[in-house]
Amino acid sequence: MSFICRYLLCRLWLTLTILPGLVSAHDLEIHGSNTIGATLAPMLMTGFLEQLTGEAVTATATGNENETVLSVTDKATPLTVLVAAHGTSTGFTSMVSNRADIWAASRRVKASEVTAMAARADMVHADSEHVIAIDGLAILVHPSNPVEQLSIESLAKIFAGEIINWSSVGGPDRAITVYARDDRSGTWDTFKELVLAGAYTLTDRALRYESNDQLSADVSQDPAAIGFAGFASAGTSKLLAIADGNAAALKPSKLSVATEDYALSRRLYFYTTGNTGKPLTQAFIEFAQSPAGQDIVAKSGFFSQNPFAVDPVHDASVPDTFKRLTERYQRLSVNIRFAEGRTKLDNKANRDLLRIQAYLKETGKTGRDLMLIGFADQQGDELQAQMISELRALSASKALRELGTKVQGRTGYGHYMPVGSAGGEAGTKRNGRVEVWVRR
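This is a predicted model, so every value here is computed, not measured.

Caption draft 1: Just the sheet that holds strand E19 (residues 409–412), in detail. Pairing in this open sheet of 5 strands is mixed, and the strands run E14-E15-E20-E18-E19 from one edge to the other. At either end of the open sheet lies a strand with only one pairing partner, and these are strand E14 (309–310) and E19. The strands touched by helix H13 (residues 347–363) are E14, strand E15 (329–336), strand E18 (370–375) and strand E20 (433–439); relative to E15, the strand with the most contacts, the crossing angle is about 150°.

Caption draft 2: Highlighting empty space enclosed by the protein. Evaluation of the coordinates by the stated rule reveals 2 cavities of 30 Å³ or more. Looking at the largest cavity, its volume works out to about 50 Å³. What lines the largest cavity is simply Ile 134, Ala 258, Ser 304, Gln 305, Ser 333, Val 334, Asn 335, Lys 348 and Asp 352. Residue assignment for the lining of the largest cavity shows that the elements contributing at least two residues are E15 and H13. Of all the elements, E15 adds the most residues to the lining of the largest cavity, at 3 residues. Grouping the amino acids of the lining of the largest cavity by side-chain chemistry returns 3 nonpolar, 4 polar and 2 charged. Counted as a void, the second largest cavity has a volume near 30 Å³. Lining the second largest cavity, in full, are Ile 242, Ala 243, Asp 244, Ala 247, Ala 248, Leu 250, Asp 261, Tyr 262, Ala 263 and Val 419. For the lining of the second largest cavity, the class distribution of residues is 8 nonpolar, no polar and 2 charged.

Caption draft 3: Quick look at the pairing of E19. Summarising the sheet, E18 and E19 pair through 4 bridges and their orientation is parallel. For Leu 372, the partnering residue across the bridge sits in E19 and is Arg 410. As a crossover connection, the stretch from E18 through helix H14 (residues 382–402) into E19 is right-handed.

Conventions we followed
- In this convention, every chain numbers its residues from 1, walking through the sequence in written order.
- With the structure being a predicted model, the display of local features is reserved for residues of pLDDT at least 70 and the display and counting of side-chain atom pairs for 80 or more, all residues being used for whole-chain, interface and lining totals.
- Computation of side-chain values covers all heavy atoms of the structure but excludes hydrogens and water.
- Whether two strands pair depends on DSSP finding at least two bridges between them.
- Only DSSP runs of H or I covering at least 4 residues are called helices, and only runs of E covering at least 2 are called strands; the numbering of each starts at the N terminus.
- The criterion used for residue contact is that any of the two residues' heavy atoms lie within 4.5 Å.
- All axes are obtained by fitting lines to C-alpha atoms, using only the stretch in contact for helices, and the reported angles, taken between N-to-C directions, cover 0 to 180 degrees.
- Grid points spaced at 1 Å over the protein atoms alone were grouped into cavities, where a 1.4 Å probe fits but cannot get out, and pockets, open sets with protein on both sides within 12 Å along at least five of seven lines, with lining residues defined by an atom within 4 Å of a point.
- Grid points are joined across faces, edges and corners, and a volume is the space filled by probe spheres set on the points.
- Lys, Arg, Asp and Glu make up the charged group, whereas Ala, Val, Leu, Ile, Met, Phe, Trp, Tyr, Cys and Pro make up the nonpolar group; the residues left over, Gly among them, are polar.
- Every crossover in which the path from the first strand over the helix to the second runs clockwise, viewed with the strands pointing away from the viewer, is termed right-handed.

Treat this as a map of the structure, not an account of what it does.
This is the structure in structure tokens:
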């Protein structure tokens, strides 16, 4: 259903169900991630409510830390939205207990959570799972720290307390102080999965935080510190480049995070109970995914999913054959990724295909100007890797053709040019991709 249709349903819903002066609960509640709820969710909701009503929105603290109520009046009808940002796991608890209309999560839903919600909704279906932004998990140190990059292995050993002095990784002779998010945080869940990876346990000397912003602020004041937070909360702390296996060390940047090539990239989610929720919920989700909503994502400090094209910057590790293949093209800030096996597109990829079509229309280009380059995760056999990479490019091409865009250029590049560690689940998922290139 289009945003306009949902907008009209919202108008009808507001008229019929919310009477002036009626004392009731908030009309909509978003619970969960502090990464999302601190700034992004309030900004998205404010933009949505202003477009819905044409009126100014007021933000009021509830008196509880990390909670905000957004209020607006639509033709004398009051409308309030609560944003409670206490951590990803708290959002799931609120959704299970029917208190949250939207669960804000800074990591993907877990299998146990999918099972717990199965009677109400399929939480991994496109109607329930909505990628609203891309974030880079930033590794932060004091601005004076001379260390420029770390491998994921060294990073894990630092946070596990096995490396305890900066001199061990090229820094000064100074004991390391570890800063980390708390156990309710989706940011912590992401760090635990991508860095500690089941092989390491966080040192019990780590200082723990509910807030990304506060953690970053404290790191920026402590020359011994190292911490992690969402990219939008980096503040004045220094960002380190991260090397994953044989892939080049990268700092989080507009392109490396948007394409999810950066080793600690992550998706930010809104989860809903499919199409069974309030019309207001459905209309807000559609707005958040729209170009206008994604423009707000960019303004909030996160990474928009609206595509953009950039000239490639090839380092010495890029083969000459790949340079020749792409010499007349720009890289589009979209990597098409897969949900199951090797050829089924995931929920974000299916949405991204529509964004690619919109980009072509806006720039006066067609499918003839696109080139899709498939990549495989590490395989024992080079021929098998080549076949997998070509199948992925073919799957993306077919999906675009079904939407009315015929792509003429596609190829596979085997398991070369990895962006993640071969064999690790997170690295493997990032290696198995289709890059989108557009003719200059």
